[in-house]
Amino acid sequence: MKKRLLFPTLFAAMAGSALADQVVNIGFSGPLSGGAAFYGKDVQSGIDMAIGELNRSGVTVKGEKVTFKLVALDDRYLPNETATNVKRLTSQGIDIIFVPHSGGILTVQPMTTRDPEFLLVAYSSEPKILEANNPMTFMLPPRYDNYLQPFVSTQMKAFGKKLALVGTTSAYGKQWTEAISGEWKKQGGTVGGNNGVDYNTTVDYSSAVTKALAEKPDVMFIGGPSQPTALVVKAAREQGFKGGFIVMDQAKFEQMDTIVPRAYLDGSVGVLPTKEFAGTQLFVAQYQKLYKKIPTSEAALNYMGMNVLAKAMELAGTTSDAGAIRAKLDAAAKALPQSKSVYKLFGVTSNGHVDAEFIVASVKNGKYTRLRLTKTFK
């Protein structure tokens, strides 16, 4: 087991003595530039907010005061750059690294158990992350296959059985496209050609939307980062599409409706906005005060994840033994107050997955209607 490199900061104390805080660096590799930059910065802001609060309130691990610092690197949403960043972070003695996209997560998962070992905090709903049975992964969001059945049944009943595909072509987007296509066919519908585009680099979505609409679909599957997803909606509505949208969980209604009129989102299904969850009012107010924007689940779940990690360090009595910290995640999650866990939190499963409340919703007449959901996976 490697030891974390410590960087003490000296503070003046009584009688001229000095006390040293242990500075624990937390790694981050995500998109901070390019088309997914807003998404990556939302994740980063949640971690930053938690670290700020933890440093002000004070965290003590095995009798020693701990101060956290986030070391954030831009990977531009590219898995190969994620791997490069992770090597750089671990070479600096960093034992915990957040990565917020499935391509990067799946690329670096095999690296977690090598020397140097580290705990990978995965912000992606890709089921393959859990199916890897990696002992050093801590996955924050619900897996997206929970959404497939309610999304499809709701939209097929409301609009019809023809689905068009205009999702993002990232690794995550391709998996979502395959999964939603399979569920749509399973429920008796037909699926058109794949008109997916790279939401990270595309500026004008009119051409892809035109191709999709030529198939005369009842419903369109769309999604990637919120901002470009909203532009796909805009293109579709302005070309006369009156049908419904299935919105991938990466895109958030609360961000999309700052770009397009809420009326354009009518007939969509997606993830309920964070501010609509019971018990999130305090977090929402504090976040908005700090960052002057509406928090999404990217900010909320990563804020929660950082708080769970800090509590797990306290319980494990270590800041550097990643395996011992992971072993205390469930106990740490159950010990968090609601104000720090944001969503209703039940614990962390044995395979490192957060077990928390999640809700999907449809948009009708500018209002959110919660959909019934039976959780079949953890």
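Residues numbered from 1 in each chain as written. Predicted model: local features only at pLDDT ≥ 70, side-chain atom pairs only at ≥ 80, totals over all residues. Heavy atoms only, no water.

With an unreviewed UniProt entry as reference, the protein is termed Branched-chain amino acid ABC transporter substrate-binding protein, source organism Deinococcus knuensis. Under Sequence similarities (unreviewed entry), UniProt gives the following word-for-word description of the protein: "Belongs to the leucine-binding protein family." (UniProt positions renumbered as here; feature names shortened; annotations may be inferred.)

### Quick notes on the overall build of the protein
Secondary structure summary: the protein contains 15 helices and 16 strands in total. Relative to a compact globule of 378 residues, whose C-alpha radius of gyration would be 21 Å, the protein shows 21 Å and is just as compact. Expressed as lengths along the three principal axes of its C-alpha atoms, the size of the protein is roughly 75 × 40 × 35 Å. Contacts in the protein between residues far apart in sequence, at least 24 positions, make up 65% of those at least 6 positions apart. By element, 53% of the accessible surface of the protein is carried by carbon and sulfur atoms, the whole surface being about 15,400 Å². When the 43 basic and 32 acidic side-chain charges of the protein are each reduced to a single mean position, those positions are 3 Å apart. (Helix = DSSP H or I, 4+ residues; strand = E, 2+ residues; numbered from the N terminus. Rg over C-alpha atoms; globule rule 2.2 N^0.38 Å. Contact = heavy atoms within 4.5 Å. Areas by Shrake-Rupley, 256 points an atom, 1.4 Å probe, with all protein chains shown as cover. Lys, Arg positive; Asp, Glu negative; His and termini not counted. Charge placed at Lys NZ, Arg CZ, Asp CG, Glu CD.)

### Regarding helix α7 (residues 206-213)
Within α7, burial applies to A208, V209, A212 and L213. Buried residues along α7 cover an arc of 130 degrees about the axis, so they all sit on one side. Those residues of α7 that are buried are in contact with β8 (162-167), β10 (219-223) and α8 (226-238). (Buried < 20%, exposed > 50% of the residue type's maximum accessible area, 1.4 Å probe, protein only. Arc of directions from axis to C-beta.)

### Structural notes on helix α1 (residues 37-57)
Along its 21 residues, α1 runs 30 Å from first to last C-alpha, staying within 8% of the 30 Å computed at 1.5 Å per residue. In the stretch just after α1, G58 is the one whose phi turns positive, near 95 degrees. (Expected span 1.5 Å × (residues − 1).)

### Structural notes on unusual backbone geometry
Between D115 and P116 the backbone carries a cis peptide bond, its omega angle lying at 10 degrees. Inspection of the secondary structure puts P116 in the loop between α3 (102-108) and β6 (119-122). Here Y77, not a glycine, exhibits a phi torsion of approximately 70 degrees, which is positive. When you line up the elements, Y77 lands in the loop between β4 (64-74) and α2 (79-91).

### Side note on the nonpolar core
Core analysis: the biggest nonpolar cluster contains 82 residues, and F68, F98, F138 and M220 have the highest contact counts within it. For this core, the leading source of residues is helix α12 (residues 297-316), giving 11 residues. Residues within four places of F68 in sequence aside, it is in contact with V24, I26, I51, L54, N55, V59, M306, A310 and M313. One finds L148, V219, F221 and F358 within the second-largest nonpolar core, a separate group that totals 22 residues. (Core = buried A, V, L, I, M, F, W, Y, C linked by side-chain atoms within 4.5 Å.)

### A short note on the packing of aromatic side chains
With the rule as written, the count across this model stands at 15 aromatic pairs. Both rings, one in Y39 and one in Y123, keep their centres 6.4 Å apart while their planes meet at 40 degrees; by these two values the pair is tilted. Within this pair, whereas Y39 is found in helix α1, its partner Y123 is found in the loop between β6 and α4 (128-131), the two being separated by 84 residues in sequence. Assessed through its relative accessible area of 6%, Y123 is described here as buried. Site record: aromatic cluster; members linked through ring pairs are Y144, Y147, F151, Y172, W176, F221 and F358. (Phe/Tyr/Trp six-rings, centres within 6.5 Å; stacked < 30°, edge-to-face > 60°.)

### Regarding the UniProt feature "domain: Leucine-binding protein" (unreviewed entry) in the protein
Mapped onto the present numbering, the UniProt feature "domain: Leucine-binding protein" (unreviewed entry) falls at residues 24-366. Secondary structure across residues 24-366 comprises 45% helix and 20% strand; the distance between its end C-alpha atoms is 45 Å.

### Thoughts on the side chain of E126
Within the secondary structure layout, E126 lies in the loop between β6 and α4. Although E126 is buried, it forms no salt bridge, and the closest oppositely charged side chain is K128 at an N-O distance of 5.5 Å. Each residue touching E126, except ones within four places of it in the same chain, is listed here: S102, L106, M139, Y144, Y172 and Q175. (Salt bridge = Lys/Arg side-chain N within 4 Å of Asp/Glu carboxyl O.)

### Brief notes about the pattern of salt bridges
Summed over the entire model, instances satisfying the criterion amount to 10 salt bridges. Two residues, E314 and K311, come together in a salt bridge whose shortest N-O distance is 3.1 Å. One end of the pair is E314 and the other is K311, both in helix α12 and 3 residues apart, which spans about a single turn. It is possible to trace a salt-bridge network through shared partners that takes in E131, R143 and D145.

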